[in-house]
Amino acid sequence: MVKICCIGAGYVGGPTMAVIALKCPKIEVAVVDISVPRINAWNSDQLPIYEPGLDEVVKQCRGKNLFFSTDVEKHVFEADIVFVSVNTPTKTRGLGAGKAADLTYWESAARMIADVSKSDKIVVEKSTVPVKTAEAIEKILTHNSKGINFQILSNPEFLAEGTAIKDLFKPDRVLIGGRETPDGLKAVKALKDVYAHWVPEENILTTNLWSAELSKLAANAFLAQRISSVNAMSALCEATGADVSQVSYAVGTDSRIGPKFLNASVGFGGSCFQKDILNLVYICECNGLPEVAEYWKQVIKINDYQKSRFVNRVVASMFNTVANKKVAILGFAFKKDTGDTRETPAIDVCKGLLGDKARLSIYDPQVTEDQIQRDLTMNKFDWDHPLHLQPMSPTTVKQVSVVWDAYEATKDAHAVCILTEWDEFKTLDYQKIYDNMQKPAFVFDGRNIINVDKLREIGFIVYSIGKPLDAWLKDMPAVA
Ligand code: NAI
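Keep in mind that this is a model prediction, so the values were computed, not measured.

A few points about the environment of Lys-126
In step 1: One can find Lys-126 in the loop between strand 5 (121–125) and helix 6 (133–143).
In step 2: The spatial distance from the C-alpha of Lys-126 to the C-alpha of Cys-6 is 9.1 Å, given a sequence separation of 120 residues.
In step 3: Ignoring sequence-local partners within four residues, the contact set of Lys-126 consists of Val-12, Thr-16, Phe-83, Val-84, Ser-85, Asn-155, Pro-156, Glu-157 and Tyr-195.
In step 4: Within the local environment of Lys-126, its side chain forms a polar contact with the side chain of Tyr-195, the two groups lying 3.2 Å apart.

Pasting the structure below:
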C-alpha cells in the first residue's frame, strides 16, 4: 500500500488530500500540521474551512484511509510520497521585503523530512513557490540525506476556493514537473499513477521542474490580469456612460478571449493572486528584467486603484463625509461560497471607510466576528503565517459591529456596500431594507449583482461598478 503524507492541513492540503483518499481507496493518506486546533477541527464535525462538498468527502474517508494528525514526524517517516503544502507568505522584512516569498516554513519542513527519513521518498511541492525552489529544497534534502534518495516534484495546485471539490474532481489539468533523469521520470510516473485513478491521462501534463513552478505563477498572473483589465474598463465605462457588463459580454464572445473571468468588481482578493504576482515581479527583477516586472506590477496597481476608487465613490456620494454614519457591509469573504478573507477587498474598503470615520455593520454568512476584527487590525501580509504564529488582535475596532443578518446590518444605515457576491444578497427584500434605512438611502454594489433599475424604482441611489451613473453620482465626482 502506497502511503502519502501531506504537511500542511490548510485550504490546499485538506481538500486535495481528502479527494486523493476518496479516489484512491488503496492509498493511505495522512494530513499533518503543527497547528493543534486545525487538526482537532479536521477531526471534528466542524471542519476548519468551508468548501461546498468537502464535508461529505471527508466523512466518507476519515478514519478509513484519511487521517489528520499533529504527529508530523511519524507520518513523514512512514510515507512514500510527501506533499508539502505549507504557508509561503510574502516577506515583510529584509531582502525582497514586500515581494519575495518567505520560504521559512518550506525550509523547516524540508529539514524535518531529511531528519526523520529512513527510506527513499518522493517530495512534492504543492505550495506555490518561486521558480528554482525545488533546486534549493533538493540541496537541503540531499546535503542531509544520509544516503537516502529524494526525488523532488513540482505539482502546483490550481483549485479555486469555493469550487475546490469540483475542481479537484474534474481538474482542467494536473501539472507535474520533475527532473528529466531516469529517477526523476520514475517519480513523475509514480505521482501520475495516483492522479490517474480519476483524471484522464491527457489531462495530466508533465514538464521539467522550472516550467511547472513558473506555470503556476504565470496562470495566476494571467487570471488576475483579466480582472484588472476589466476593472480598468469599468472606470472608463463610468466616465463615458458605457456599461461594463455589455462591454465584457461583447469582448468575451470573441472565442480567442472567452467569456469567463470578465466580471468587473471592487477588486480581486484571495491568498494567491497578489502574492504570486509580487513573487513574479521579484523574480523578474532578480533576473534583470525590470520592464517585465513593471508590466506585472500594474495588475496590482489597478486592483488597489479599484478599491480606493470604490471608497472614494461612497464617500463623495454621501456629501463627502461618512463620519458617524452607519454603513452596512454585506459580504466580507473574498468571494462567495468561501469563508476565506485573505486579501479580501473588503479589508481595504472597510479600512478606507473607517479612515473617514464611518460606523460599520458587517454581515457575511461565513465569516466570524473574530476573523473580521483580526483582519481589520492585522498588518499587511501577517495573515499568511500559521495561525498560532499570527499576532492576536490586541484591540478591536470599536466602530465595527458584526451581525448575523443582512436586515440587522442595514437597519438605520445610510448606505449598503455589497462586497461579496453571495447569492442570498440577490434575493433580499430590498423594499424592506429601504424602509428601514436613513434617507437618502444608498446602495454601492461592488459585485454587480443587484437589479439596478428595480432598486432605483424603490428609491435607492444606486452605484454599480462600471454601469452608467445615477444622476446623483454624476454631480458628486469621486476625485481621489
Ligand atoms: P494555509 O495557511 O491554509 O495552510 C498552511 C498550513 O501549513 C497551516 O495550517 C500551517 O499550520 C501549516 N504549516 C506551516 N508550517 C508547517 C510545518 N513546518 N509543519 C507542519 N505544518 C505546517 O495555506 P493554503 O491556502 O493551504 O496554502 C498553502 C500553499 O498552497 C501556499 O503556498 C499557497 O500559496 C498555495 N496555494 C493556495 C491556494 C488556495 O486557494 N488557498 C491555491 C493554490 C496554491
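Side note on the packing of helix 9 (residues 209–240) against helix 12 (residues 290–317)
In step 1: Taken N-terminus to C-terminus, the directions of helix 9 and helix 12 make an angle of 45°; their axes are 9 Å apart at the nearest point. Between helix 9 and helix 12, the crossing angle belongs to the class labelled oblique. Between helix 9 and helix 12 the crossing geometry is left-handed. Touching Ala-221, Phe-222, Ala-224, Gln-225, Ser-228, Asn-231, Ala-232, Ser-234, Ala-235 and Glu-238 of helix 9 are Tyr-295, Trp-296, Val-299, Ile-302, Asn-303, Tyr-305, Gln-306, Arg-309 and Arg-313, all from helix 12.
In step 2: Tallied by class, the residues present in the contact of helix 9 with helix 12 amount to 10 nonpolar, six polar and three charged.

Description of the pattern of salt bridges
When the charged atoms of two side chains lie near each other, side chains of opposite charge can form a pair.
In step 1: As enumerated under the stated definition, the model contains 23 salt bridges in all.
In step 2: The partner of Lys-192 in a salt bridge is Glu-201, and the shortest N-O contact between them spans 3.2 Å.
In step 3: One salt bridge in this structure joins Lys-297 and Glu-285, with 3.6 Å as the shortest N-O distance. On the criterion of sequence distance, the pair formed by Lys-297 in helix 12 and Glu-285 in helix 11 (residues 273–286) is long-range, its members being 12 residues apart.
In step 4: Note on Lys-297: relative accessible area 25%, which makes it partly exposed.
In step 5: Through salt bridges with shared partners, a single network forms among Lys-3, Glu-28, Lys-74 and Glu-78.

The rules behind each value
Residues numbered from 1 in each chain as written. Predicted model: local features only at pLDDT ≥ 70, side-chain atom pairs only at ≥ 80, totals over all residues. Heavy atoms only, no water. Helix = DSSP H or I, 4+ residues; strand = E, 2+ residues; numbered from the N terminus. Contact = heavy atoms within 4.5 Å. Polar contact = N/O pair within 3.5 Å; in protein donor to acceptor, adjacent residues only side chain to side chain. Axes fitted to C-alpha atoms, helices over the stretch in contact; angles between N-to-C directions. Parallel < 35°, antiparallel > 145°, perpendicular 65-115°, else oblique. Left-handed = near helix turned anticlockwise from the far one by under 90°. Nonpolar A, V, L, I, M, F, W, Y, C, P; charged D, E, K, R; others polar. Salt bridge = Lys/Arg side-chain N within 4 Å of Asp/Glu carboxyl O. Buried < 20%, exposed > 50% of the residue type's maximum accessible area, 1.4 Å probe, protein only.

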